[in-house]
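Architecture and fold: a report
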Amino acid sequence: MKEAEKPRAGEKFCCISKLKVFLLALSFAYVGKTMSGAYMNSMYTQIEKQFNIPASLVGIINGSFEIGNLLLIAFVSYFGAKLHRPRIIALGCTILSFGCLLISLPHFLMGRYHIESSISPSENSSLMPLCFVNQSSFSLPTEKPSTDCEKEPGSLLWIFVMIGNIVRGMGETPIMPLGISYLEDFAKAENSPFYLGCLHTATVIGPFLGFLLGSFCAKLFVDLGSVNAEDITITVTDARWVGAWWLGILICASLNLLAGIPFWFLPKSLVKEGETNEPEEFSKKSAILLQENDKNEAKQTMYEIAKDFIPFLKALFRNPVYMLFICITVLQFSAFNGMISFMPKYLEQQFGKSASDAIFLIGVYNLPVICIGYFFGGLFMKKFKTNISQAATIAFWISLLEYLLYFTAHWTICDPSPVAGLTVSYEGLEQVSYAENTLFAGCNSDCNCTLKVWDPVCGDNGITYVSPCLAGCKASRGTGKHVVFENCTCVAASGFSSQNVSAILGQCDRKENCDKMLHYFLILSLVCSFIFSLSAMPGYMVLIRSLKPEEKSFGVGIHGLAARVFAGIPSPIYFGALIDTTCLKWGTMSCGGEGACRIYDIVTYRWLYLGLPEILRGVSYIPCALILLILKKKLKSSESKVLINAPVEMQAKEEENESVK
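Remarks on the overall build of the protein chain
What the protein chain contains, in helices and strands, is 19 helices and 9 strands. Pairs at least 24 apart in sequence give 80% of the contacts found in the protein chain among residues at least 6 apart. When the accessible surface of the protein chain is split by element, carbon and sulfur atoms take 64% of a total near 30,200 Å².

If you want it as structure tokens, here you go:
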């Protein structure tokens, strides 16, 4: 009989109750999965440059994670709640770890990263002629038809990253819905908000660690250990730099594998927390009932489990608050997902920061304040015991305040980097050109330069030139990254008065005001993140309280499903496609095909990057207002029922008192 008894939530395991062991394990799993997600988001710019693919394709790779999640989420949310939840979570962590391994695999299958360059790393010479007037030059890279790129070794290895991301999404699927439902089922009602707060905290710690890891790995060259540091002719701020993206994802794989181990040893179910002081006879009776229930559960067929699926789905679709909340989530998540996916690229292009610095700043400025906001939002909800209507009102006004404040980001701007033929003319006048022919000017028209290569040099006049040849440089001295190009006719043509006009490797540094504007942008981002995070817990409570107890697990799962289908998958794709339209100069692969973008029109980029989320979030406040109206009507109707029933109850009590007399 004792064998049939379910373990109690308060039963100790190494001095900790089993429910708290589950909470700790789940928090660790949350850290692992969110750390992997944040790390991948921070590394997409590195993956873009490693495989020489456009931002729109990076968006597809990003969205592939949601595809993996989508494949299983509805079934896991519904069927998983009726099966052994801890073991399904353990299996999910293991699959998640395998997905991370698949993502890192291309690095070990492809050769060394080819830096698009016109100079030799170790010799005092160039790989191609400089500006030799009236002499033919060979181009680097060789301009073969782009079809040859399909035969290039490693050209399609990015598919492994996409498949790995799909597998990672499949593995992550059971962790949230099954973990939350397990806690809700066996935790005391008053402890549940605290436990959810712990999980929300874990979802902030994970990304923070992921961004720190991303910042560290982005500083390391991709071919770590196999290339001599002196042979690398570019710096971390160069558009061609690729960090060791594969290293961090291997660390994430190990962490997720470890996170799954405790779940294999946790029970299928527990007696609800706090129900520990039952009389012995009652305990025996309950044990018999539990045994009978277990037998009945074992006899259930998949059909019997599935027969309530459609009724549950219909009930959710007929819930107006729930459906409107899904609309809000889709619009808001589309905005935030697109912004977060391309934020490192935005800081790199807009403010001239390295990928490592951009990732570090995002993590340090945004994530700690989000954690604080979650905490105070949950504390406020607990202290004032707000109802669903009050929670919706609080979430609406706090979110609207942050939305209006966000518009000031349009004033945190930095002047475009002057690049001859792209953002300025060769005379130094401001102009933006998407056409390649503007790279030619009178000062380099006789140099027979190729337009394909991106090997920027900074002239003494503070203007960047796409290559030494296009700068009109006729000589060079030095080796590796210390090469200096001399007698540059285009630098002299810009009106720069000097006897020896020269240029050095790399783009020219941005103006000093860029660093100041970056700090303003980051402070604004910090304030907005904090304000918005205050509305997260009230908003989440609206979702939870709009559902019946038996619908919670399934409802949360369908909510996540809708967010992934209509926001998580498409938003990075159309954000990436729009960003691609602002590219001024594409890189070139060794096979001659078009590579990753090297420089963008940052003014148009800024309008798209900031403006599209503003439109999406602005539209989201329409369903927000409708939810407030519905909840206020429900509150008024419930209050009127109480007032109507009150005289009847008073009359009944008076009649009882008279009968007693």
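Topic: the state of the cysteines
All told, the structure shown has 6 disulfides when counted by the stated rule. Paired through a disulfide, C583 and C597 show a sulfur-sulfur distance of 2.0 Å. Here the disulfide of C583 and C597 is right-handed, its torsion about the S-S bond being about 105 degrees. Here the residue C583 occupies a position in strand β8 (residues 583–588), and C597 occupies one in strand β9 (residues 594–600), the gap between them amounting to 14 residues. In terms of burial, C583 and C597 fall into one category: buried.

Considerations on helix α3 (residues 85–109)
Between the first and last C-alpha of α3 there are 37 Å, a value that for 25 residues agrees with the 36 Å anticipated at 1.5 Å per step. Along α3, the helix axis deviates most sharply at I103, where the bend reaches about 30 degrees; the proline P106 sits within four residues downstream.

A short note on the packing of helix α1 (residues 18–50) against helix α6 (residues 192–219)
At a minimum axis distance of 6 Å, the contact between α1 and α6 shows a crossing angle of 35 degrees. As α1 packs across α6, the resulting crossing turns out to be right-handed. Of the residues that constitute the contact of α1 with α6, the class distribution is 20 nonpolar, 7 polar and 1 charged.

Things to note about the side chain of K345
You can see K345 is positioned in helix α11 (residues 320–351). Setting aside residues no more than four positions away along its own chain, K345 makes contact with T45, E48, I579, Y600 and Y605.

With respect to the pairing of β8
Of all 6 residues in β8, 5 are buried; the element is thus mostly enclosed. Note that β8 and β9 share 4 bridges and pair antiparallel. From the neighbouring strand, C583 faces β9, where its bridge partner is Y600.

Details of the nonpolar core
Counting 75 residues, the largest nonpolar core has F51 and W245 as its most contacted members. In this structure, W245 is in contact with Y39, M43, Q46, I47, Q50, F51, I103, S104, H107, V161 and V222, ignoring residues within four places of it in sequence. Within the second largest apolar cluster, 63 residues are counted, among which are L19, L561, A567 and L631.

Quick notes on the sheet that holds strand β4 (residues 464–465)
The sheet built from 5 strands is open, its strands ordered β4-β3-β7-β6-β5 with antiparallel pairing. At either margin of the open sheet sits one strand with a lone partner, and together these are β4 and β5 (475–477). Judged from the 3 bridges that link them, strand β3 (residues 457–459) and strand β7 (residues 502–505) form a sheet pairing that is antiparallel. By the bridge assignment for β7, G459 is matched with A503.

Quick word on the side chain of D601
By the secondary structure assignment, D601 is in the loop between β9 and α19 (602–660). In this structure D601 is buried but unpaired, with R606 as the nearest side chain of opposite charge at 7.9 Å. Only 2.6 Å separates the side chain of D601 from the side chain of T604, close enough to count as a polar contact.

Quick notes on the environment of K268
Looking at where K268 falls in the secondary structure, it is placed in the loop between α7 (245–260) and α8 (280–299). For the pair formed by K268 and P86, sequence separation is 182 residues and the distance between their alpha carbons is 6.6 Å.

Regarding the packing of aromatic side chains
One pair of aromatic rings is described through two measures. These are the centre distance and the angle between the planes. The final tally for this structure, using the stated rule, is 20 aromatic pairs. Where F108 meets W246, the ring centres are 5.6 Å apart and the plane angle is 70 degrees; that geometry is what we call edge-to-face. Here F108 is found in helix α3, whereas its partner W246 is found in helix α7, with 138 residues between them in sequence. Consider the rings of Y600 and Y605, whose centres lie 5.3 Å apart with planes at 75 degrees: the pair is edge-to-face. The burial state of Y600 is the same as that of Y605; both residues are buried. Members of the aromatic cluster, each reached through a chain of ring pairs, are Y346, F351, F521, Y600, Y605 and Y609. One Lys or Arg, K33, reaches over the ring of Y30 and ends 4.9 Å from the middle of that ring.

As for the pattern of salt bridges
As enumerated under the stated definition, the model contains 9 salt bridges in all. For E172, the salt bridge is made with K33, and the minimal N-O distance between the two is 3.4 Å. Within this pair, whereas E172 is found in helix α4 (residues 158–172), its partner K33 is found in helix α1, the two being separated by 139 residues in sequence. We classify E172 as buried; its relative accessible area is 10%. Judged by its relative accessible area of 9%, K33 falls in the buried class. The partner of E348 in a salt bridge is K49, and the shortest N-O contact between them spans 3.9 Å. Of this pair, E348 sits in helix α11 while K49 sits in helix α1; the two residues are 299 residues apart in sequence, bridging distant segments of the chain.

Observations concerning a nonpolar patch on the surface
On the surface, F28, L91, I95, L258, I261, W264 and F265 cluster together to form a nonpolar patch covering roughly 680 Å² of accessible area. Assignment of secondary structure puts I95 in helix α3.

Structural notes on the environment of M541
Here M541 shows up in helix α16 (residues 536–545). Measuring from C-alpha to C-alpha, the distance between M541 and T386 comes to 9.7 Å, with 155 residues separating the pair along the chain. Contact partners of M541, with chain neighbours within four places excluded, come to L196 and M381.

About the thresholds
Residues numbered from 1 in each chain as written. Predicted model: local features only at pLDDT ≥ 70, side-chain atom pairs only at ≥ 80, totals over all residues. Heavy atoms only, no water. Helix = DSSP H or I, 4+ residues; strand = E, 2+ residues; numbered from the N terminus. Contact = heavy atoms within 4.5 Å. Areas by Shrake-Rupley, 256 points an atom, 1.4 Å probe, with all protein chains shown as cover. Disulfide = S-S within 2.5 Å. Buried < 20%, exposed > 50% of the residue type's maximum accessible area, 1.4 Å probe, protein only. Expected span 1.5 Å × (residues − 1). Bend = angle between axes of the 7 residues up to and from the residue. Axes fitted to C-alpha atoms, helices over the stretch in contact; angles between N-to-C directions. Left-handed = near helix turned anticlockwise from the far one by under 90°. Nonpolar A, V, L, I, M, F, W, Y, C, P; charged D, E, K, R; others polar. Pairing = 2+ DSSP bridges. Core = buried A, V, L, I, M, F, W, Y, C linked by side-chain atoms within 4.5 Å. Lys, Arg positive; Asp, Glu negative; His and termini not counted. Salt bridge = Lys/Arg side-chain N within 4 Å of Asp/Glu carboxyl O. Polar contact = N/O pair within 3.5 Å; in protein donor to acceptor, adjacent residues only side chain to side chain. Phe/Tyr/Trp six-rings, centres within 6.5 Å; stacked < 30°, edge-to-face > 60°. Lys NZ or Arg CZ within 6 Å of the ring centre and 35° of its normal. Patch = residues over 30% accessible without salt bridge, like charges linked within 9 Å, V, L, I, M, F, W, Y side chains within 5 Å.

All we've got here are geometric facts, nothing functional implied.
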